[in-house]
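# A structural walkthrough
Below, each chain spelled out in residue letters.
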Amino acid sequence: MLANGGIIFPMSQHDHPHGEDHSELDETEIRVRALQSLLTQKGYVDPAALDVLIDTYQRRIGPRNGARVVARAWSDPGFFDWLLRDATAAIASMHYTGRQGEHMVAVPNTDEVHNMVVCTLCSCYPWPVLGLPPVWYKSAPYRSRAVRDPHGVLADFGVVLPEGKQVRVWDSTAEVRYLVIPQRPAGTEGLDEQQLSELVTRDSMIGTGLPRTPGSAA
Ligand code: FE
């Protein structure tokens with residue numbers, strides 16, 4: 001139990017194929033940066049256009065898979081149960097499989113508990129359902145503060161939880177990737193899966209946000 005009511009678990013062996021020192025760029029990152037600098041210098045790519053592309057994969061395409069998983073869980077109690085029992089299989093049934101998503105665990109938010117996901121050592125993230133991790137997810141401040149001060153991090157993200165709600169922080173590893181299943185917003189009884197999925201934000205599946213409510217701006 002942490003001082004401010006957060007709980008972190010499981011602190012499992014964090015076994016990585018990608019080097020010991022997470023603060024340094026790895027071989028691929030160095031090559032990508034070198035390539036990007038060269039292409040920019042030569043005028044072949046516009047860094048602003050690259051940012052738009054990356055943003056698209058981070059926020060628009062990648063996380064839509066996870067949003068469909070959540071919307072199905074909200075609509076179909078049988079699927080929700082399956083997701084809690086065996087998230088890897090339930091998600092694979094929707095064809096969202098692949099690297100960094102081999103062992104999925106779904107953690108549902110409830111009236112009592114809000115879940116938040118971090119990778120304290122680097123940036124483990126469920127790519128098949130959420131796409132590329134956002135920059136802040138990989139940042140040292142998020143990785144350390146999510147554990148020490150989850151309520152403070154949530155406040156920074158503009159998330160205010162009801163008094164007394166517990167925050168559970170899950171530390172991703174090379175083995176296990178977590179998907180937060182946010183609570184279905186009120187007033188969504190008449191919505192179909194497609195409409196529900198549009199309420200599910202990337203951050204709500206990491207636990208640093210809440211789903212949209214019907215009628216709120218996208
Ligand atoms: Fe990691």
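Refer to the structure above for everything that follows.
About the thresholds
- Residues numbered from 1 in each chain as written.
- Predicted model: local features only at pLDDT ≥ 70, side-chain atom pairs only at ≥ 80, totals over all residues.
- Heavy atoms only, no water.
- Phe/Tyr/Trp six-rings, centres within 6.5 Å; stacked < 30°, edge-to-face > 60°.
- Buried < 20%, exposed > 50% of the residue type's maximum accessible area, 1.4 Å probe, protein only.
- Helix = DSSP H or I, 4+ residues; strand = E, 2+ residues; numbered from the N terminus.
- Contact = heavy atoms within 4.5 Å.
- Donors = N, O, S within 2.8 Å, 3.2 Å for Na, K, Ca; no water.
- Core = buried A, V, L, I, M, F, W, Y, C linked by side-chain atoms within 4.5 Å.
- Expected span 1.5 Å × (residues − 1).
- Polar contact = N/O pair within 3.5 Å; in protein donor to acceptor, adjacent residues only side chain to side chain.
- Pairing = 2+ DSSP bridges.

Applying the stated criterion to the full structure yields eight aromatic pairs. Summarising the aromatic geometry, the rings of W136 and Y137 are spaced 6.3 Å apart at their centres and angled 65° between planes, so their arrangement reads as edge-to-face. The class of W136 is partly exposed, set by a relative accessible area of 21%. Y137 gets classed as buried once you look at its relative accessible area, which sits at 1%.

Before going further, it helps to spend a moment on the side chain of D203. Looking at the secondary structure, you find D203 in helix 10 (residues 202-206). Looking at D203, the relative accessible area reads 18%, which means it is buried. Apart from the residues lying within four places of it in its own chain, the contact partners of D203 are W136, F157, T208 and G209.

Let's shift gears to the coordination of the iron ion. C119 (SG), C122 (SG) and C124 (SG) make up the full set of protein donors to the iron ion, lying at 2.2 to 2.3 Å. Ordering the donors of the iron ion by residue number gives the pattern C-x2-C-x1-C. According to the relative accessible area criterion, C124 is buried, its value standing at 5%.

Core analysis: the biggest nonpolar cluster contains 45 residues, and V69, L83, I91, V129, Y142, L179 and I181 have the highest contact counts within it. Tallying contributions element by element places helix 2 (residues 47-75) first for this core, with six residues.

The next subject is helix 1 (residues 27-41). Two residues of an α-helix separated by three or four positions point the same way, owing to the 3.6 residues in each turn. Between its first and last C-alpha, helix 1 extends 21 Å over 15 residues, near the 21 Å set by a 1.5 Å rise per residue. Downstream of helix 1 by a residue or two, G43 has a phi angle that is positive, lying close to 80°.

A separate point is the side chain of N115. Structurally, N115 is set in strand 3 (residues 113-118). The buried category is assigned to N115, whose relative accessible area is 2%. Reaching out from N115, the side chain makes a polar contact with the side chain of W170 at a distance of 2.7 Å. Residues contacting N115, with those up to four places away along its chain left out, are V107, P108, N109, R168, W170, V180, I206 and G207.

Moving on, we come to the pairing of strand 3. Counting buried positions along strand 3 yields six of six residues, so the element is predominantly enclosed. Alternating positions in strand 3 separate into two faces, V113, N115 and V117 on one and H114, M116 and V118 on the other, with burial throughout. Bridging between strand 3 and strand 4 (residues 166-171) involves six bridges; their strand directions are parallel. Bridge pairing in strand 4 links V117 to W170.

By themselves these figures say nothing about function.
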